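Report on the structure
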Amino acid sequence: KNRVWDIRQAAEDIQKAIEDEVQYLADVLRNFVRERVATTKREVEEGGCGRRAGETDFAVHCKRCFDLDLFLPWLRQQGPQYRGSDTLPFYRTLFQTQLCIDFVEQVVAEELEDG
């Protein structure tokens, strides 16, 4: 049967799909940051983190949340869906965008406030 194409509904469906994908990406990044902050807290409490060069400020150690060389191995460990030939290059590029950097900064700040 003929189906009437509703442009408004199509636009809403597309917007919802995009919002879901952006939320998914945000959740992946948020999980990484939370894990890094928790690891950093543990390391600082145990005294094994940042003692060289007089770095004792916890916030300084949170710069690890911006380390692509920590993010990509972490991502691979999250499951096979993150190991595809297109997936890692996508996340490598995403992680280096200003939007991502700003988001990671925001999540780090939230984690520091909560912790």
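Please read these numbers as outputs of a predicted model, since none were measured by experiment.

Rules behind the numbers
Residues numbered from 1 in each chain as written. Predicted model: local features only at pLDDT ≥ 70, side-chain atom pairs only at ≥ 80, totals over all residues. Heavy atoms only, no water. 1 Å grid on protein atoms, 1.4 Å probe; cavity = no way out; pocket = protein on both sides within 12 Å on 5 of 7 lines; lining within 4 Å. Points joined across faces, edges and corners; volume = space filled by probe spheres on them. Helix = DSSP H or I, 4+ residues; strand = E, 2+ residues; numbered from the N terminus. Nonpolar A, V, L, I, M, F, W, Y, C, P; charged D, E, K, R; others polar. Axes fitted to C-alpha atoms, helices over the stretch in contact; angles between N-to-C directions. Parallel < 35°, antiparallel > 145°, perpendicular 65-115°, else oblique. Contact = heavy atoms within 4.5 Å. Salt bridge = Lys/Arg side-chain N within 4 Å of Asp/Glu carboxyl O. Left-handed = near helix turned anticlockwise from the far one by under 90°.

Thoughts on the layout of surface pockets
- Counted as a void, the largest pocket has a volume near 180 Å³.
- Taken together, Val22, Leu25, Ala26, Leu29, Leu94, Leu99, Cys100 and Phe103 form the lining of the largest pocket.
- Elements supplying a minimum of two residues to the lining of the largest pocket: α1 (7–46) and α5 (98–114).
- Broken down by element, the residue count for the lining of the largest pocket peaks at 4 residues, all from α1.
- Of the residues belonging to the lining of the largest pocket, the class tally is 8 nonpolar, no polar and no charged.

Details of the packing of α1 against helix α4 (residues 87–95)
- In contact at an axis separation of 13 Å, α1 and α4 are set at 75° when each is read in the N-to-C sense. For the element pair α1 / α4, the angle class is roughly perpendicular. Judged by residue contacts, Tyr24, Leu25, Val28, Leu29 and Phe32 of α1 engage Phe90, Tyr91, Leu94 and Phe95 from α4.
- Residue classes in the contact of α1 with α4 are distributed as 9 nonpolar, no polar and no charged.

Here we look at the pattern of salt bridges
- All chains considered together, the criterion is met by 3 salt bridges.
- Measuring nitrogen to oxygen at the nearest pair gives 3.2 Å for the salt bridge that ties Glu111 to Arg34. In this pair, Glu111 is assigned in helix α5 and Arg34 in helix α1, connecting sequence segments 77 residues apart.

Quick look at the packing of α1 against α5
- Contact geometry for α1 and α5: axes closest at 10 Å, N-to-C directions at 45°. Comparing their axes, α5 and α1 come out oblique. Every pair of crossing elements has a handedness; the one defined by α1 and α5 is right-handed. Listed contacts from α5 to Ala26, Leu29, Arg30, Val33, Arg34, Val37 and Lys41 of α1 are Cys100, Phe103, Val104, Val107, Val108 and Glu111.
- Tallied by class, the residues present in the contact of α1 with α5 amount to 9 nonpolar, no polar and 4 charged.

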